[in-house]
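Fold and contact review
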Number of protein chains: 2
Amino acid sequence: MIEVMRLGHRGERDKRISTHVALTSRALGASNIIFTSSDKHVNGSVDRITESWGGDFKFKVADSWKSYVKEFKKNNGIVAHLTMYGENINEIMSEIINEVYPTGNNNNNNNNNNNNNNNSNEKVPKNLLVIIGAEKVPREAYELADYNISVGNQPHSEVAAIAIFLDRLTMGKNLYSEYEDSTIKVIPCKNGKNVIMN
Amino acid sequence: MIEVMRLGHRGERDKRISTHVALTSRALGASNIIFTSSDKHVNGSVDRITESWGGDFKFKVADSWKSYVKEFKKNNGIVAHLTMYGENINEIMSEIINEVYPTGNNNNNNNNNNNNNNNSNEKVPKNLLVIIGAEKVPREAYELADYNISVGNQPHSEVAAIAIFLDRLTMGKNLYSEYEDSTIKVIPCKNGKNVIMN
């Protein structure tokens, strides 16, 4: 199970970027996004998308981000904080993949199946909380995180960072997820648009 | 050489998202971003980043996007349009990689070297123009593009789409580029910040 926490969201200023962070998290297989304050705009956008496109991705608010992170870690969880100051993603990614998908089952393009359905005595998959900051991230986030990871050492975008991180983690597995409860569905095609409305 | 074209940028409404598209393009190895109208905000952000962080990534404006695309294609160029209605990126990506890096030299973590410096009679690397729309993209963009590619079939973000596409294309090669003319430089580290000011 993958969750994403958006730290330091600044309301009006960040509403579109934070919405993109949320929808990117959903499209790449996260179960929910956690904000540290409520935001009607982002919450509404997420709910509208999930209603039409399916699945049960949730917008959640944590009263205390620190308590949330600590609790998450107690429940078989690891925490990756994306920051341009962290370790090189090219070097550290395989370690994270091995924690979250110890049986290697991210390496296909099937739908988002439950990872816990093997009966062997192999390593138990870890839950993953990805922290992505808006403005300045408190020092404690660096300390509470099991991994501080840079997605490059050049300034770019939180949306790009979460996209690249989750894409590398899941290796394209979730990009073409289909949800039974969707009212709209896109069929990939070479030229033009192929959309099915249920 | 990789260029990115932002089609349908809507000024004030899109300024932050378009800035993120531009900076993500820069961080992932594009040479410039082409807008179809001028935008002081985005242009200024791009220039400030390049001044501090180095390299010669440029913000450009094309009077006619169609003429620009047609001209690009004449100069050993191929065009990939990212749209959620296009072909499955998981299936088509290897074909694009083979056009842009026919000698396979995207598969390392070195700096952004010139791809044309081999003297063998191997296939010549193509220049690549990536089109990424803001609002509705004109029908002609689908027709002029050599590839219409979906980065998933769920709605998410233009920033995520360009990030995943370029990351898969360059396989991490450009993420840690170092520029001699930068005044600021980040050294990846496990915990904390390591920044060098020149």
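Throughout what follows, the structure given in this document is the object of discussion. These figures come from a predicted structure and were not determined experimentally. (Residues numbered from 1 in each chain as written. Chains lettered and ligands numbered in written order. Predicted model: local features only at pLDDT ≥ 70, side-chain atom pairs only at ≥ 80, totals over all residues. Heavy atoms only, no water.)

1. Concerning the overall build of chain A
When you go through chain A residue by residue, the secondary structure sums to six helices and eight strands. Mapped from its N terminus to its C terminus, chain A presents α and β elements in the order β-α-β-α-β-α-β-α-β-α-β-α-β-β. The globule rule puts the C-alpha radius of gyration for 198 residues at 16 Å, and the 17 Å found for chain A is close to it. Overall, the C-alpha framework of chain A stretches about 50 × 45 × 30 Å when taken along its three principal axes. The buried share of chain A, taken over its 198 residues, is 57%. Across chain A, the fraction of contacts at a sequence separation of at least 24, relative to all contacts at a separation of at least 6, is 81%. Here chain A has roughly 8700 Å² of accessible surface; of this, 44% comes from carbon and sulfur atoms. Both charge centroids of chain A, one from 23 positive and one from 23 negative side chains, sit 4 Å from each other. (Helix = DSSP H or I, 4+ residues; strand = E, 2+ residues; numbered from the N terminus. Rg over C-alpha atoms; globule rule 2.2 N^0.38 Å. Buried < 20%, exposed > 50% of the residue type's maximum accessible area, 1.4 Å probe, protein only. Contact = heavy atoms within 4.5 Å. Areas by Shrake-Rupley, 256 points an atom, 1.4 Å probe, with all protein chains shown as cover. Lys, Arg positive; Asp, Glu negative; His and termini not counted. Charge placed at Lys NZ, Arg CZ, Asp CG, Glu CD.)

2. Observations concerning empty space enclosed by the protein
All names here are of chain B. A full pass over the atoms with the stated rule returns two cavities of 30 Å³ or more. Taken as a whole, the largest cavity holds about 50 Å³ of empty space. For the lining of the largest cavity, the element with the highest residue contribution is strand β7 (residues 184-186), accounting for three residues. A per-class count over the lining of the largest cavity returns four nonpolar, four polar and two charged. (1 Å grid on protein atoms, 1.4 Å probe; cavity = no way out; pocket = protein on both sides within 12 Å on 5 of 7 lines; lining within 4 Å. Points joined across faces, edges and corners; volume = space filled by probe spheres on them. Nonpolar A, V, L, I, M, F, W, Y, C, P; charged D, E, K, R; others polar.)

3. Description of the interface of chain A and chain B
With 56 residues of chain A in contact, the opposing surface of chain B contributes 56 residues. Of the roughly 5000 Å² buried at the junction of chain A and chain B (both faces included), carbon and sulfur atoms supply 54%. Our count for the chain A to chain B interface comes out at four salt bridges. Of the charged contacts, one joins B:Arg16 and A:Asp14 as a salt bridge, the two residues approaching to 2.9 Å between their closest N and O atoms. Counting across the interface, chain A meets chain B through 32 residue pairs in polar contact (both at pLDDT 80 or more). By residue class, the composition of the side of chain A that touches chain B is 25 nonpolar, 17 polar and 14 charged. (Buried area = accessible area lost by both parts, 1.4 Å probe. Salt bridge = Lys/Arg side-chain N within 4 Å of Asp/Glu carboxyl O. Polar contact = N/O pair within 3.5 Å; in protein donor to acceptor, adjacent residues only side chain to side chain.)

4. Side note on the sheet that holds strand β2 (residues 32-35) of chain A
Residue and element names in this part refer to chain A. Read from one edge of the open sheet, six strands run β3-β2-β1-β5-β4-β6, paired in parallel fashion. With partners counted over all chains shown, the strands left at the sheet margins are β3 (58-61) and β6 (147-150), one partner each. On average, each strand axis in the sheet is tilted by 30 degrees relative to the strand beside it, whichever way the strands run. As defined by bridge partners, strand β1 (residues 2-7) adjoins strand β5 (residues 127-133) across six bridges and the pair is classed as parallel. (Pairing = 2+ DSSP bridges. Axes fitted to C-alpha atoms, helices over the stretch in contact; angles between N-to-C directions.)

5. Focus: the pattern of salt bridges
If you walk through the whole model with that rule in mind, you get 22 salt bridges over all chains. The salt bridge partner of A:Arg10 is A:Asp14, with a shortest N-O separation of 2.8 Å. By relative accessible area, A:Asp14 is classed as buried at 0%. B:Arg139 is the salt-bridge partner of B:Glu143, the closest N and O atoms lying 3.1 Å from each other. Here B:Glu143 pairs with B:Arg139, and both are found in helix α5 (residues 139-144), just four residues apart, close to one helical turn.

6. Some remarks on the nonpolar core
With 90 residues, the main nonpolar core has A:Phe165, A:Leu169, B:Phe165 and B:Leu169 as its most contacted residues. Excluding residues that lie within four positions of it along the chain, A:Leu169 makes contacts with A:Ile2, A:Met93, A:Ile96, A:Ile97, A:Val100, A:Tyr101, A:Asn106 and A:Leu128. (Core = buried A, V, L, I, M, F, W, Y, C linked by side-chain atoms within 4.5 Å.)

7. Digging into helix α2 (residues 40-53) of chain B
The terminal C-alpha atoms of α2(B), which comprises 14 residues, lie 20 Å apart, in line with the 20 Å expected from a rise of 1.5 Å per residue. What α2(B) keeps buried is the set B:Val42, B:Ser45, B:Val46, B:Ile49, B:Thr50 and B:Trp53. The buried side chains of α2(B) occupy one side of the element, clustering within an arc of 125 degrees when seen end-on. Turned more than 90 degrees away from the buried face of α2(B) sit B:Lys40, B:Arg48 and B:Glu51, all of them exposed. Looking at the buried side of α2(B), the elements it contacts are β4 (77-88) of chain A together with α1 (11-27), β2 (32-35), β3 (58-61) and β7 of chain B. Two or three places before B:His41, at the opening of α2(B), B:Asp39 has a side-chain oxygen 3.0 Å from that residue's backbone nitrogen. Phi turns positive, to about 90 degrees, at B:Gly54, one or two residues after α2(B). (Expected span 1.5 Å × (residues − 1). Arc of directions from axis to C-beta.)

8. A few points about the relation of the copies chain A and chain B
Between the two copies, chain A and chain B, the superposition gives an RMSD of 0.0 Å; the rotation angle is 180 degrees and the shift along the axis is 0.0 Å. Put plainly, the chains are arranged around a two-fold axis. Same-surface contact between copies: 100% of interface residues of chain A are shared with the interface of chain B. (Least-squares fit on C-alpha atoms with pLDDT ≥ 70 in both.)

9. A few points about the environment of A:Asn90
Structurally, A:Asn90 is set in helix α4 (residues 89-100). On the basis of relative accessible area, A:Asn90 is assigned to the partly exposed category, the value being 23%. Separated by 2.7 Å, the side chains of A:Asn90 and A:Arg168 make a polar contact. Polar contacts involving the side chain of A:Asn90 include one to the main-chain carbonyl oxygen of B:Gly172, which spans 3.3 Å.

Just distances and angles here, no functional claims.
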